[in-house]
Amino acid sequence: MSVIEIAGLEKTYSTGFFRKTKKFALRPLELRVEQGEIFGYLGPNGAGKTTTLKMLMGLVFPSGGSARILGMDINDSKVKSRIGFLPEHPYFYDYLTGRELLDYYGQLSGVPSKQRRERVESLLHRVGLSDSAGTQLRKYSKGMLQRVGIAQALLHDPEVVFLDEPMSGLDPIGRREVRDLMEQLKKEGKTVFFSTHILSDAEALCDRVAILFQGELLRVGAVADLTANVQGKVEVTWSGATVPPSIRALGVECHITSDTARIVIDEQKQDAAVDALRAANLRMISLVPVRATLEDYFVQQLKTSRKAMAVSA
Amino acid sequence: MNSRILTIASNTFREAVRDRVLYNLIAFALLMVGAAILVGQISIGIERLVVLNLGLTAVSVFGMLIAIFIGIGLVSKEIEKRTLYTVLSRPVRRWEFIVGKYFGLAGTLVVNTFLMTVGVLGALFYVSHKIERLDAWVLVAVYFIVLQFLIITALTLLFSSFSSTIMSAVFAFALFVIGSFAEDLRGFAEITPGIAGMLAKGAAYVVPNFSALNVITSVAHGETVAGKLIFFNTAYAIFYSAAVLAGAVLIFDRRSMK
């Protein structure tokens, strides 16, 4: 069952003195997210990720199209008691303590008093803020604010959670904890829709990803499917710190240590590299295929799109 | 009042208290103590007049400053700081946010005014050594001052819903000054012929009539206030504030968050 259905959602801004020039922040977007999946919404800065999330949350009004969450129109305020949202670089009322802030949001979400107290304490514990729960937010670090932001998004036990750059501002341990938390949410049957430009996070977590570039959706699919067709690479390592001219002629970057040298080349060039090493009497230590990462795919997609845009311009 | 409005209102009140807004009471208390001591020494027979004029004017000015300086940031600051994102992504309707903010600031001003009124009455008791039946009208003057606060709070909230904090402050101060001379503007409209007169008349009815809500001088002189004026002023303040708040909601309902 699709819990998020986006049909032709778009956002344009008028620019220029007479406001006659239209600029697309998001081109008509078609997207479906299924129940219980972790869905990564990827793209470089300015791709339109935050704009999409803001439209889904009712913070920015779409210029066209529609979207439904849990079968309800996004303008229906009832849907908001069933979803959680963490904005990018969240800001909160800094005169409140962590506990007061969560209690405030719990009240706004209509969580009954007794249940609210329990939820607040359990979430403070879950995000590791129990010890600072009585401290005003103005004394919180960036990472602590991100944690309290995640806690407020989960406070009312939502079915769908929207996280805008949830790893932003976190140290490696914090990032790992957020990853674990997202996996836990999935186990609880919740749907997680999160935007990021950190591809390793998406690769490790997501059932499916969507790639957005300059307001346009480029691809949607499982990470394995997307990376399957990326041109393969191999890593060749040999002993000795010398690099034969015929290897240099392949136009690759060589990484030389005191007694070995290493290159990463396209699969098609591997025979030429091996021949070159043999001709130079150098002993090959290893030849290892390099698995295509989401980053490789992402970079390839962006390059293709940039070229296509340059041609059409 | 629905629970979300109440939650937003009480949080707005809490913000004002924690941002030390009520510290103005210290300045007010010092002013009252100073005035009471000074008046007791230099004015013979007119202590009551001086204390009431000074005290009630201070209540009005302090409150207006708080209403404007907090009111102008109520919405725009939430948008600039993006604290609004996590509020509006909950089942909170935009009108509930505006109305909650309004009641929060209005509540702050009522509490502040109550404490200042205690100060004025204390100073009055200090200089006249008695509480007269006539002093009850002081409470009516204070009530009218609160009605002014309700109107100016709604206006600052309206400006805050579409403008920056600085421009909101300018608009609110301008309206406060013009509104304080609303009766003069009406007088000017009546004696001015043609389009200018019509424009002046229109402006006189649009701007808030703060001069009708100012009975400080007459109460200080020991005059009473007509019941009819209390009724009409109350109705006027409620309708004017409601209309302005409706305007703020209409604007805010259509506003996209940056």
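Think of each chain on its own: its residues are numbered from 1, step by step along the sequence as written. Chain letters start at A and ligand numbers start at 1, both assigned in the order the entries are written. Local features in this predicted model are restricted to residues of pLDDT 70 or higher, and side-chain atom pairs are both shown and tallied only at a pLDDT of 80 or more, whereas totals for entire chains, interfaces and linings draw on every residue.

**Regarding the overall build of chain A**
Moving on, step 1. Secondary structure counts use DSSP, requiring at least four H or I residues in a row for a helix and at least two E residues in a row for a strand, with both numbered from the N terminus. Helix and strand counts for chain A stand at 10 helices and 14 strands.
Moving on, step 2. For the C-alpha atoms alone, the extent of chain A along its principal axes is close to 80 × 55 × 40 Å.
Moving on, step 3. Note on burial: count the other C-beta atoms lying within 10 Å of the residue's C-beta; 20 or more is buried, 12 or fewer is exposed, in between is partly exposed, and C-beta positions come from the backbone. Residues classed as buried in chain A amount to 38% of the 313 residues present.
Moving on, step 4. Long-range pairs, those at least 24 residues apart, make up 69% of the contacts in chain A between residues at least 6 apart in sequence. The contact rule is simple: place each C-beta atom from the backbone, and if two of them lie within 7 Å, those residues are in contact.

**Concerning the overall build of chain B**
Moving on, step 1. Along its length, chain B carries 12 helices and 0 strands.
Moving on, step 2. Each helix and strand of chain B, placed in order from N terminus to C terminus, yields the pattern α-α-α-α-α-α-α-α-α-α-α-α.
Moving on, step 3. Each of the three principal axes of chain B carries a C-alpha extent, and together these read 60 × 55 × 30 Å.
Moving on, step 4. The contacts in chain B between residues at least 6 apart in sequence include a share of 85% that link residues at least 24 apart.

**Section: the domain arrangement of chain A**
Moving on, step 1. An automatic or database domain assignment supplies the residue ranges for each domain. Segmentation of chain A into domains returns domain 1 (2-227) and domain 2 (233-290).
Moving on, step 2. Summarising the inter-unit geometry, the C-alpha centres of domain 1 of chain A and domain 2 of chain A are found 45 Å apart.

**Quick look at the sheet that holds strand β7 (residues 160-164) of chain A**
All names here are of chain A.
Moving on, step 1. As summarised here, the arrangement of the 6 strands in space is β6-β7-β8-β3-β9-β10, forming an open sheet in which the pairing is mixed. Where the open sheet ends on each side, the last strands, each with one partner, are β6 (83-86) and β10 (216-221). Between one strand and the next, the sheet's axes are offset by a mean angle of 15 degrees, whatever the strand orientation.
Moving on, step 2. Across the sheet, helix α1 (residues 49-56) is in contact with β3 (38-42), β7, β8 (191-196) and β9 (208-213); its angle to β7 comes to roughly 145 degrees. Strand pairing is assigned whenever DSSP identifies at least 2 bridges connecting the two strands. Fitting a line to C-alpha atoms yields each axis, with helices limited to the stretch in contact; the angle taken between N-to-C directions then spans 0 to 180 degrees.

**Considering the environment of P90 of chain A**
Moving on, step 1. By secondary structure assignment, the location of P90 of chain A is in the loop between β6 and α2 (98-108).
Moving on, step 2. Not counting chain neighbours up to four residues away, the residues in contact with P90 of chain A comprise L145, Q146 and G149 of chain A together with T86 of chain B.

**Structural notes on the pairing of β9 of chain A**
All names here are of chain A.
Moving on, step 1. β9 sits mainly inside the fold: 5 of its 6 residues count as buried.
Moving on, step 2. Where β3 lies against β9, 4 bridges are found, and the strand directions are parallel. By the bridge assignment, G40 is partnered in β9 with V209.
Moving on, step 3. As judged from the 5 bridges shared by β9 and β10, these two strands associate in the antiparallel manner. Counted as the bridge partner of V209 is G221 from β10.
Moving on, step 4. The turn linking β9 back onto β10 is made up of 2 residues, and Q214 within it adopts a positive phi angle of 45 degrees.

**Some points on the interface of chain B and chain A**
Moving on, step 1. If you look at the interface, chain B gives 21 residues, while chain A gives 24 residues.
Moving on, step 2. At the level of secondary structure, the elements contributing two or more residues to the side of chain B that touches chain A comprise α1 (3-18) and α5 (85-88) of chain B.
Moving on, step 3. A per-element tally of the side of chain B that touches chain A places α1 of chain B first, with 6 residues.
Moving on, step 4. Partitioned by chemical class, the residues of the side of chain B that touches chain A number 6 nonpolar, 7 polar and 8 charged. By the convention adopted, Pro, Cys, Tyr, Trp, Phe, Met, Ile, Leu, Val and Ala count as nonpolar, Lys, Arg, Asp and Glu as charged, and the other residues, Gly among them, as polar.

**A look at helix α7 (residues 136-160) of chain B**
Moving on, step 1. Expected helix span is given by 1.5 Å per residue-to-residue step, counting one fewer step than there are residues. Taking 1.5 Å of rise per residue, 25 residues should cover 36 Å, and α7 of chain B covers 36 Å from first to last C-alpha, within 8% of that figure.
Moving on, step 2. Here α7 of chain B lies mainly inside the structure; 19 of its 25 residues are buried.

**Considerations on the nonpolar core**
Moving on, step 1. If you look at the biggest cluster of nonpolar residues, it comprises 145 residues, and the most contacted ones within it are A151 and F162 of chain A.
Moving on, step 2. At 15 residues, α7 of chain B tops the list of elements feeding residues into this core.
Moving on, step 3. With residues near it in sequence (within four places) discarded, F162 of chain A still touches L53, L56, M57, I83, G84, F85 and F193 of chain A.
Moving on, step 4. The next biggest cluster of nonpolar side chains, apart from the first, holds 8 residues, and it includes V236, I263, A273 and A276 of chain A. Take the buried Ala, Val, Leu, Ile, Met, Phe, Trp, Tyr and Cys residues, join any whose C-beta atoms are within 7 Å, and the set you get is a nonpolar core.

**As for the pairing of strand β1 (residues 2-15) of chain A**
All names here are of chain A.
Moving on, step 1. As paired strands, β1 and strand β2 (residues 21-34) are joined by 11 bridges and run antiparallel to one another. Residue pairing for β2: I4 is matched across the bridge by V33.
Moving on, step 2. Once β1 ends, the chain turns through 5 residues before running back antiparallel as β2, passing G16 with a positive phi of about 90 degrees.
Moving on, step 3. Relative to strand β4 (residues 64-69), β1 runs antiparallel, the two sharing 5 bridges. Counted as the bridge partner of A7 is S66 from β4.

**Structural notes on the environment of F194 of chain A**
All names here are of chain A.
Moving on, step 1. The topology assignment puts F194 in strand β8.
Moving on, step 2. Look at F194 and you get buried, because 25 C-beta atoms sit within 10 Å.
Moving on, step 3. Once residues lying within four places of it in the same chain are set aside, the contact partners of F194 are G40, Y41, L163 and P166.

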